[in-house]
Amino acid sequence: MTEKYLLEVKNLKQYFPVRVGTFKTIPLKAVDDVSFAIKPGETLGLVGESGCGKTTVGRSIMRLYEPTGGQVIFDGEEVNKKSIQKLRQGMQMVFQDPYSSLNPRMTVEDIIGEPLDVHKLYENKAERREKILGLMELVGLNAEHASRYAHEFSGGQRQRIGIARALAVNPKFIVCDEPVSALDVSIQAQVVNMFEDLKDKLGVSYLFIAHDLLVVHHISDRIAVMYLGKIVEIADADDLNNDPQHPYTLSLLSAVPIPDPIKARQKQRIVLEGDVPSPLNMPTGCPFRTRCRYATEQCAAECPQLTDRGNGHFVACWNK
Amino acid sequence: MTNIDEHGAPVKKPFSMHVDLSQFEPATDAEKMQQEVMGESVTFWRDGLRKLMKNPLAVFNLVVLAIIILTIIIAPMIVPYGYADMITIDGMRDKGAKNLAPFQWSEAEQAYIDAGGKLFPHIFGTDGLCRDYFIRCIYGTRISLSIGFFASLLVMCIGVVYGSISGYAGGKVDLIMQRIVDIIYSLPEMLIIILISVVLDATLKFNGNGILAKLGTNMISIFIVFGMLYWVSMARLVRGSVLSIKNNDYILAARSIGASPRRIIFKHILPNCISVIIVSTALQIPSAIFTESFLSFVGLGVQAPMPSLGSLANAAREGLSSYPYKLVFPSVIICLIVLSLNLLGDGLRDAFDPKLRR
Ligand SMILES: Nc1ncnc2c1ncn2[C@@H]1O[C@H](COP(=O)(O)OP(=O)(O)OP(=O)(O)O)[C@@H](O)[C@H]1O
Ligand SMILES: [Mg+2]
């Protein structure tokens, strides 16, 4: 590997202890052995259905949870308890829910200014204010509203405030945890476009989490598909779109609505049978095998690893 | 790059956005302005105060309290008598001014007035030691109110710090801290207060004329008791709301920024449970006043000659059959204060924290 990565995630594991009975706990494998890497300026999309551990991946990278195992390397430096405080100036997070991610007792100015306060990124009050107003303008907020409280804003505006807060420290990498799924469709497009603009203007990389394939394809260079805590396929965005390999990706793609009714009628939808297994009681071998059409005995015996199918297209499946 | 399918319709990649941006035109500045019109900014405090002002019962009690507080501030400036001094006429002690009824004059005073002198009336009469009873009640109210206020402040500080640390730390720390709370909760308060008062009385002896000496060791022990025992319910309440606030994403956001736990507690958590804190502090004041009065009544309160409402009521017991009004004045003041503080606390709760209502 000659290329330099901005962020490398190696065998990340995040288990949560779940209490069963009075003294016994069993691990809930929210993220199990996930590896990927992101180059500077690149955007990796992360898709998967609800509860598959996308948020947990993002939060473990940010060290909001102490990972059970694995390694995260950011900008050539391993992320651990000691280095994280410094590295937090380089990576930031935008949260899923714009309603609960802003403190209702703080003004917009103080919310956006908090990272500046914490990392002491200004000399005097005037410089602080200038920076905050600059950030507000950058994300398309009216600077006159700086002294208002977060609860007075609409969902889209709130998400912009959250983005401005993430941008305040000039990060190289931002984890965007479903930043648009709580917004309504017309606003989604605005906010996604803003993410793209910011990427062009500031050269940041994103880990863009979503469960909407349309949105993810629009913004990502590469896409990783997650199922029950594992990455099952990772490839270039167009590659994944045109030539999906893993049966789970196929079913996800077939569920994407097509605007053209004639095409839509011709298309065959692959409907998955059964429910997602509980992460507390995972099937042996491949986690997807209980719902997979192609499942064989080998799938039950052993979990397939991600293998290169050429062109940087990785798939974890025995049969494809 | 758009392909055309066999029906002549453009093929869309399943991934591409649904919306065809070329069919839209950019919004004009005027349209953008429309988006930015916002309602008037309403802060938490203003909103709460507005709701409080709409509650007639709360406003009424606020007025009652304001009148009481104004009276205890202004009255000592107007009334020419001291709470510890015997009534004097022309520098002469008036031994006849004993146990006078309200607005009654002693013989010597009457003679002085007849001779053309001017005297301030004894609004509540005088006590058995020839002291003006009105000014004693005023000072008693002062003492009782300030004890209630400061004891509640103390309770609030300890309870808030303890509760927020316990709630924020969670896990084992929380478990241990909560067991300590449980133990303190189960102690019989009155017994402890009496024990502490007795022990402190023997060990602490204040000399001189400082405010501490004036108040006496019993007052110190009341504060110690409040500091040791009464903060637990506040700590529990604060811990409860910290636990629920902790789950909000903005706490995670603050952590991802790199904010220290101290900053998170003081900037993010406590401002969001301020309503719980205000309401329970407001409701703590009357209970502290009540405890103080009770202790003074059983003789463990402020040091004589400093009056408090409880010790005044206690002293009035002796002549209860002849001068019943002496018991009525301090008791009515206690009731008035406690009742109006309680009702005001309820009003505050409704205004600032409607969820707390049961
Ligand atoms: N703090 C936690 N303690 C215990 N279990 C957790 C915790 N956080 C997440 N989980 C569990 O981990 C699994 C993955 O959750 P996660 O929030 O990462 O899903 P997600 O992919 O982000 O879903 P969504 O699309 O709904 O946001 C879920 O089963 C969830 O119940
Ligand atoms: Mg999520």
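For every chain, the first residue of the written sequence is number 1, and numbering continues from 1 onward in sequence order. Working convention: letters from A go to chains and numbers from 1 go to ligands, in the order in which they are written. Restriction of local features to residues with pLDDT of at least 70 applies here, the model being predicted, together with a cutoff of 80 or more for giving and counting side-chain atom pairs; totals for whole chains, interfaces and linings are based on all residues. The basis for every side-chain value is the complete set of non-hydrogen atoms in the structure, without hydrogens or water.

Engineer: Any chance you could explain the overall build of chain A here in plain terms?
Structural biologist: When helices and strands are tallied, chain A shows eleven helices and twelve strands. The globule rule puts the C-alpha radius of gyration for 320 residues at 20 Å, and the 21 Å found for chain A is close to it. Projected onto the principal axes, the alpha-carbon positions of chain A cover approximately 65 × 55 × 50 Å. Every one of the 320 residues in chain A was classed for burial, and the buried ones make up 53%. Considering only contacts within chain A whose residues lie at least 6 apart along the sequence, 62% involve residues at least 24 apart. Of the accessible surface of chain A, which amounts to about 14200 Å², a share of 48% is contributed by carbon and sulfur atoms. Of the side chains in chain A, 38 bear a positive and 40 a negative charge, and the two mean positions are spaced by 5 Å. Only DSSP runs of H or I covering at least 4 residues are called helices, and only runs of E covering at least 2 are called strands; the numbering of each starts at the N terminus. This radius of gyration counts C-alpha atoms alone. The globule rule is 2.2 Å times how many residues there are, raised to the power 0.38. For every residue, the accessible area obtained with a 1.4 Å probe (protein chains only) is divided by the maximum for its type, and the residue is called buried under 20%, exposed over 50%, and partly exposed between those limits. In what follows, residue pairs with any heavy atoms lying within 4.5 Å of each other are defined as contacts. Residue-level accessible areas treat just the shown protein chains as cover; the underlying method is Shrake-Rupley with a 1.4 Å probe. Charged residues are defined narrowly, with Lys and Arg counted positive, Asp and Glu counted negative, and His plus the chain ends left uncounted. Think of each charge as sitting on NZ of Lys, CZ of Arg, CG of Asp or CD of Glu.

Engineer: When you look at the side chain of Arg160(A) in this model, what are you seeing that I'm missing?
Structural biologist: Take Arg160(A): it is sitting in helix H5 (residues 155-167). Only one rule defines a salt bridge in this text: a Lys or Arg side-chain nitrogen within 4 Å of an Asp or Glu carboxyl oxygen. Despite being buried, Arg160(A) has no salt bridge partner; Asp197(A) is the closest side chain of opposite charge, sitting 8.1 Å away.

Engineer: Explanation requested: the coordination of the magnesium ion (ligand 2) in the structure shown.
Structural biologist: Working reference: metal with six octahedral donors, ideal angles 90 or 180 degrees; metal with four tetrahedral donors, ideal angle 109.5 degrees. Residue and element names in this part refer to chain A. Of the protein atoms, only Thr-55 (OG1) and Gln-96 (OE1) coordinate the magnesium ion (ligand 2), at distances of 1.8 to 2.7 Å. One end of the pair, Thr-55, is in helix H1 (residues 54-61); the other, Gln-96, is in the loop between strand S6 (91-94) and helix H3 (108-118), and 41 residues separate them in sequence. Classification of Thr-55 as buried rests on a relative accessible area of 18%. According to the relative accessible area criterion, Gln-96 is partly exposed, its value standing at 29%. Each metal site lists N, O and S donors within 2.8 Å (3.2 Å for Na, K and Ca). With water left out of the atoms, a site can look as if it is missing ligands.

Engineer: Hey, could you run me through the nonpolar core in this one?
Structural biologist: We define the nonpolar core as a collection of buried residues of types Ala, Val, Leu, Ile, Met, Phe, Trp, Tyr and Cys that are connected through side-chain atoms lying within 4.5 Å of one another. Core analysis: the biggest nonpolar cluster contains 83 residues, and Trp231(B), Ile269(B) and Ile337(B) have the highest contact counts within it. Taken domain by domain, this core gets at least three of its residues from each of domain 1 (86-130) and domain 2 (133-356) of chain B. In contact with Trp231(B), not counting residues within four places along its chain, are Val155(B), Ile158(B), Gly159(B), Tyr162(B), Val181(B), Ile184(B) and Phe226(B). Counting residues in each nonpolar core, the second largest holds 55 residues, with Ala164(A), Ile174(A), Met194(A) and Ala237(A) among its members. Domain start and end points were adopted from an automatic or database domain assignment.

Engineer: Whenever I open this one, the environment of Leu272(A) confuses me. Can you help?
Structural biologist: Residue and element names in this part refer to chain A. Along the chain, the position of Leu-272 falls in the loop between helix H10 (261-266) and helix H11 (297-301). Judged by relative accessible area, which is 22%, Leu-272 ranks as partly exposed. The sequence separation of Leu-272 and Gly-41 amounts to 231 residues, and the corresponding C-alpha distance is 36 Å.

Engineer: Looking at this structure, I do not really get the environment of Met53(B). What am I missing?
Structural biologist: Residue and element names in this part refer to chain B. Mapped onto the fold, Met-53 is located in helix H2 (residues 44-53). Take Met-53: its relative accessible area is 48%, and that puts it in the partly exposed class. Expressed as a C-alpha distance, the spacing of Met-53 and Leu-348, which sit 295 residues apart in the sequence, is 9.9 Å. Sequence-distant contacts of Met-53, that is, excluding residues within four places in its chain, are made with Val-59 and Leu-62.

Engineer: Looking at this structure, how should I read the pattern of salt bridges?
Structural biologist: Summed over all chains, the structure comprises 25 salt bridges over all chains. Across the salt bridge formed by Arg263(B) and Glu114(A), the nearest N and O atoms sit 2.9 Å from each other. Residue Arg263(B) is located in helix H11 (residues 261-269), and its partner Glu114(A) is located in helix H3; the two belong to separate chains. In this structure Glu114(A) comes out as buried when scored by relative accessible area, which is 2%.

Engineer: When you look at the domain arrangement of chain B in this model, what are you seeing that I'm missing?
Structural biologist: Interfaces are often sized by the accessible area lost when the parts come together. Residue and element names in this part refer to chain B. Under the domain assignment used here, chain B contains domain 1 (86-130) and domain 2 (133-356). A separation of 39 Å is found between the C-alpha centroids of domain 1 and domain 2. If you look at the interface, domain 1 gives ten residues, while domain 2 gives eight residues. Summed over both partners, the accessible area (1.4 Å probe) lost when two parts come together is defined as the buried area. Roughly 810 Å² is buried in total at the junction of domain 1 and domain 2, and carbon and sulfur atoms are behind 68% of that figure. Counting the surface domain 1 buries against domain 2, the share from its top three residues, Asn-99, Phe-124 and Asp-127, is 66%. The interface formed by domain 1 and domain 2 includes one salt bridge. In protein, a polar contact requires one atom able to donate a hydrogen and another able to accept it; more generally it is a pair of N or O atoms within 3.5 Å, and residues adjacent in sequence count only if both atoms are side-chain atoms. Taken together, the links from domain 1 to domain 2 amount to two residue pairs in polar contact (both at pLDDT 80 or more). Amino acids are sorted into nonpolar (Ala, Val, Leu, Ile, Met, Phe, Trp, Tyr, Cys and Pro), charged (Asp, Glu, Lys and Arg) and polar (every other residue, Gly among them). Across the side of domain 1 that touches domain 2, the residue classes break down as five nonpolar, four polar and one charged.

Engineer: Quick question: what am I supposed to make of a nonpolar patch on the surface here?
Structural biologist: All names here are of chain B. In this scheme, patches are assembled from residues that exceed 30% relative accessible area and form no salt bridge. Like charges are connected within 9 Å, while nonpolar side chains (Val, Leu, Ile, Met, Phe, Trp, Tyr) are connected within 5 Å. Together, Ile-69, Leu-70, Ile-73, Ile-74, Met-77 and Ile-78 make up an exposed nonpolar region whose accessible area comes to about 590 Å². For Ile-69, the position within the fold is in helix H3 (residues 56-78). Assessed through its relative accessible area of 40%, Ile-69 is described here as partly exposed.

Engineer: Mind showing me how you'd approach the side chain of Asn103(A) here?
Structural biologist: Considering the arrangement of structural elements, one finds Asn103(A) in the loop between S6 and H3. Taking relative accessible area as the criterion, Asn103(A) reaches 2% and is therefore assigned buried. Side-chain polar atoms of Asn103(A) contact the backbone nitrogen of Arg105(A), separated by 3.0 Å. Of the polar contacts made by the side chain of Asn103(A), one reaches the side chain of Asn272(B); its length is 2.9 Å. Ignoring anything within four residues of it in the chain, the contact list for Asn103(A) reads Ile111(A), Ala150(A), Tyr250(B), Lys267(B), His268(B) and Asn272(B).

Engineer: I tried to follow the packing of H3(B) against helix H14 (residues 325-352) of chain B on my own but got confused; where do I start?
Structural biologist: Each pair of packed helices can be summarised by the angle the axes make with each other and by the distance between the axes. Residues and elements named next belong to chain B. Relative to each other, H3 and H14 sit at 140°, their axes nearing to 8 Å. Here H3 lies oblique to H14, going by the angle between them. The handedness of the crossing between H3 and H14 is left-handed. Here Leu-57, Ala-58, Asn-61, Leu-62, Val-64, Leu-65 and Ile-68 of H3 come into contact with H14, specifically with Leu-336, Ile-337, Ser-340, Leu-341, Leu-343, Leu-344 and Gly-347. Here the residues of the contact of H3 with H14 sort into eleven nonpolar, three polar and no charged. Only the stretch in contact is used when fitting a helix axis, every axis being a line fitted to C-alpha atoms; angles between N-to-C directions are given from 0 to 180 degrees. Orientation labels follow simple angle bins: below 35 degrees gives roughly parallel, above 145 gives roughly antiparallel, 65 to 115 gives roughly perpendicular, and whatever is left gives oblique. Crossing chirality is assigned from the near helix's rotation relative to the far helix, an anticlockwise turn below a right angle marking it left-handed and a clockwise turn marking it right-handed.

Engineer: Looking at this model, I keep getting lost on the domain arrangement of chain A. Mind explaining?
Structural biologist: All names here are of chain A. Under the domain assignment used here, chain A contains domain 1 (7-90 + 171-315) and domain 2 (104-170). Measuring from the centre of the C-alpha atoms in domain 1 to the corresponding centre in domain 2 gives 29 Å. At the interface, 16 residues of domain 1 touch 14 residues of domain 2. Note on domain 1 versus domain 2: buried area summed over both sides is about 1300 Å², and carbon and sulfur give 70% of it. Across the contact surface, domain 1 and domain 2 share zero salt bridges. At the junction of domain 1 with domain 2, the criterion picks out three residue pairs in polar contact (both at pLDDT 80 or more). Counting residues per element, the side of domain 1 that touches domain 2 draws most heavily on helix H6 (residues 185-202), at eight residues. Here the residues of the side of domain 1 that touches domain 2 sort into ten nonpolar, three polar and three charged.

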